[in-house]
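What the coordinates show
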Amino acid sequence: MKPDNNDIDLKAGALLRRFYGYSSFRDGQLDIIRNAMSRRDTLVLMPTGGGKSICYQIPALLNDGCCIVISPLISLMKDQVTALNANGIPAAAINSSNVEQVNADTMLQASRGRIKLLYMSPERLILEMEHRNFCNWVSLFAIDEAHCISQWGHDFRPEYTALNRIKASYPGIPVMALTATADKITRDDIATQLCLKNPYIHLASFDRPNISLKVLANPGKAKRINTITRMIDRYPDDSGIVYCLSRKGAETINAELAIRGYRSTVYHAGLSSKERDEAQERFINGDVQVVCATVAFGMGIDKSNIRWVVHNNMPRNMESYYQEIGRAGRDGMKAETLLFYSFADIATLQSFIEKSGQPALNTEKLTRMKEYCEATVCRRRVLLSYFNEEYDHDCGNCDVCLDPPVRFDGTRIVQMALSAMSRTNEMIGLTMLIDILRGSARAELIERGYDRIKTYGVGRDLSFSEWNAYLSQMLQLGIIEIAYTESNHLKITPYGRSILKGERTVMLAKFFFDKASSSKKRKSTAQSAVNPAELLFSELKRLRLSIARNEGVAPYIV
Ligand code: ADP
Ligand code: MG
């Protein structure tokens, strides 16, 4: 018999008020609940903080029996169970951190209908499925963080793949898969892998208009720290996250903040689980204002007053980026995000990718991330179009919208750079190229005879930063590419050759030097009499060496 939606609406609304204290459902929640109650498989794609948990928790309460929730992390399960119990809902988790007898008792209680939500890992479910029958007492399987099942997703967990057995073993029990990753390829893969039967798909908008988007290219070390501390100061009563690519990077920023008297902690996979729990706890309860972390931090964090997220390095793909910035502003109030991006990040990420299982796919994802960073159109458009969401206007809340670039015919600049590359047989990296263009008298350059090539010094009218920015755009536009396997030398692409030959022209976005930091830099340079290009060079060299030695990533460069 088809369930009566009116009846479900009334009962669901009453549960929402009674157990959660909310007066109304958010967009989509009630439709999802109704579909789950009609025992249809469901795929829920909703951004982080969108309110996915309620979508399976309310059906669990409305149904007889127990809803089994698959979750990838013990800490996530614990948080959820604690929150549910605090609201008076009988929930429990079985996992390896419990004594086995306790797990067995919990299973027994659940099978007798005394527990409404039972959390476990995918491995655990498969193990239990081997010697237990779920037929008579399981009302729903909820697969949280369902993107973990897909190799296309950003957080693939091989254990999740075994979940395809659920439908095979229990075709009559509905499955609800939930994720905040919604690019089409991952979305389709989740449904296929889980063998969902004609699923009801809820695709919420992934736009989080309250979160501002900003990218800063090539900031120096001092600028990074100053920008972060200004961000902290803007929100003295709230908190923020600094994401770094490497553990060392997170440690370094944390130390820099601590020296300046900020309450900060560090979180990465190199810490013991006790240390990690402590760090997370201190952040959640406001003991510290900032957590400097690697990607290891954040899944399932439900803290509403995270006002800002800074990426000290470019994330490896758009999915990670979206998830990480999505941890800010979960209360719907204004939140700021800022991403520091540099050539060095790309080189480092590419070196990680070469060691990963799917280099081609991951390189493609990295390219999309890079395109986002270098976008000269509304960033929210780029972000949402990545998630296949139509968004046909400029957002007005990203740095590109607020300060649109001025474009100019950059053909001559591009040709200068390409010519210098060509005359050095494309055997040089970024810094050397800029040095040649600017006519540096650096010893290595002279030794190699680069001061005698025709393009030596032709670009001295432009600053190092300007060249850096234009070369960045050339990379983004596909005029040049980085040969990651050849010491990061720059190469001219076929498109680049056509520009060099004068067959095509190219527009560049005008780079305006940050006046405040430039005057400061000039002052400090005068004092220390160090050439900033030399500084940059040594940084880049250090970074390349550390990559070559496989030491992980330098905390920040230039
Ligand atoms: P997700 O799993 O999608 O990241 P959660 O389920 O953790 O999100 O929910 C995020 C926050 O939104 C939680 O604090 C939750 O209590 C709250 N929330 C969910 N649904 C509603 C609602 N209908 N009204 C108000 N707050 C809600
Ligand atoms: Mg969730």
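Residues numbered from 1 in each chain as written. Chains lettered and ligands numbered in written order. Predicted model: local features only at pLDDT ≥ 70, side-chain atom pairs only at ≥ 80, totals over all residues.

The name recorded for the chain in an unreviewed UniProt entry is DNA helicase RecQ, from Muribaculum gordoncarteri. Database annotation for the chain, UniProt heading Sequence similarities (unreviewed entry): "Belongs to the helicase family. RecQ subfamily." (UniProt positions renumbered as here; feature names shortened; annotations may be inferred.)

Assigned secondary structure in the chain consists of 23 helices and 18 strands. Counting only residues that meet the buried cut, the chain has 45% of its 558 residues in that class. (Helix = DSSP H or I, 4+ residues; strand = E, 2+ residues; numbered from the N terminus. Buried ≥ 20, exposed ≤ 12 C-beta atoms within 10 Å, placed from the backbone.)

Moving on, we come to the nonpolar core. If you look at soluble globular proteins, the nonpolar side chains tend to sit buried side by side. By size, the foremost hydrophobic cluster in this structure holds 86 residues, and its most contacted members are V242, V291, C292, A293, A417 and L433. Discounting chain neighbours no more than four positions away, the residues touching A293 are I241, Y243, A250, V266, Y267 and H268. By size, the runner-up hydrophobic cluster in this structure holds 59 residues, among which are I32, I33, L84 and F134. (Core = buried A, V, L, I, M, F, W, Y, C linked by C-beta atoms within 7 Å. Contact = placed C-beta atoms within 7 Å.)

Ligand 1 sits among 13 residues. The nearest are Y22, G50, G51, K52 and S53. Its residues assigned to classes, the shell around ligand 1 shows 4 nonpolar, 6 polar and 3 charged. (Near = placed C-beta within 6 Å. Nonpolar A, V, L, I, M, F, W, Y, C, P; charged D, E, K, R; others polar.)

As a further point, take helix α3 (residues 53-62). Buried residues dominate α3, accounting for 8 of its 10 residues. Every buried residue belonging to α3 is among I54, C55, Y56, Q57, I58, P59, A60 and L61, and all of these are buried.

Quick look at the environment of Q29 now. Following the sequence through the fold, Q29 ends up in helix α2 (residues 29-37). Residue contacts for Q29: discarding those within four places in its chain leaves G51, I54 and C55.

Next up on the list: the confidence of the model for the chain. For the chain, the average pLDDT comes to 87, and 90% of its residues sit at 70 or higher. Within the model, pLDDT remains below 50 along residues 515-558, and this stretch shows 51 contacts once partners closer than five positions in the same chain are excluded. Reported for the predicted complex are a pTM of 0.68 and an ipTM of 0.99. (pLDDT = per-residue confidence, 0-100.)

The subject of this paragraph is the sheet that holds strand β4 (residues 117-120). Backbone hydrogen bonds are what pair the strands of a sheet, in a parallel or an antiparallel way. With respect to topology, 7 strands assemble into an open sheet ordered β3-β4-β2-β5-β6-β1-β7, the strand pairing being parallel. Strands at the two margins of the open sheet, each flanked by one partner only, are β3 (91-93) and β7 (200-203). The mean inter-strand angle of the sheet, taken between neighbouring strand axes irrespective of direction, is 15°. Inspection of the sheet shows strand β2 (residues 66-70) paired to strand β5 (residues 138-143) by 5 bridges, in the parallel sense. Each residue of the ladder has a partner; that of I70, found in β5, is I143. Taken strand by strand, helix α4 (residues 74-86) contacts β3 and β4, and its axis lies near 160° from that of β3. (Pairing = 2+ DSSP bridges. Axes fitted to C-alpha atoms, helices over the stretch in contact; angles between N-to-C directions.)

Another point: the pairing of strand β11 (residues 264-267). Burial along β11 is two-sided: the face carrying S264 and V266 and the face carrying T265 and Y267 are both buried. Pairing of β11 with strand β12 (residues 290-293), which is carried by 4 bridges, proceeds in the parallel orientation. Along β12, the bridge assignment pairs Y267 with A293. The parallel pair β11 and β12 is bridged by helix α11 (residues 273-284), and the resulting crossover is right-handed. (Right-handed = clockwise from strand over helix to strand, strands pointing away.)

An ideal rise of 1.5 Å per residue puts 22 Å on 16 residues; helix α1 (residues 5-20) measures up with 21 Å between its terminal C-alpha atoms. Trailing α1 by a residue or two, G21 shows a phi angle of about 75°, which is positive. (Expected span 1.5 Å × (residues − 1).)

Next up on the list: the packing of helix α13 (residues 343-355) against helix α14 (residues 359-373). Helices that pack against each other are described as a pair by the angle of their axes relative to one another and the distance between those axes. Viewed as axis vectors pointing N to C, α13 and α14 meet at an angle of 160°, and their least axial separation amounts to 9 Å. For the element pair α13 / α14, the angle class is roughly antiparallel. Regarding α13 and α14, the two cross each other, and that crossing is right-handed. Two secondary-structure elements touch here, α13 through I346, L349, Q350, I353 and E354 and α14 through P359, N362, T363, L366 and K370. Taken together, the residues of the contact of α13 with α14 break down into 5 nonpolar, 3 polar and 2 charged. (Parallel < 35°, antiparallel > 145°, perpendicular 65-115°, else oblique. Left-handed = near helix turned anticlockwise from the far one by under 90°.)

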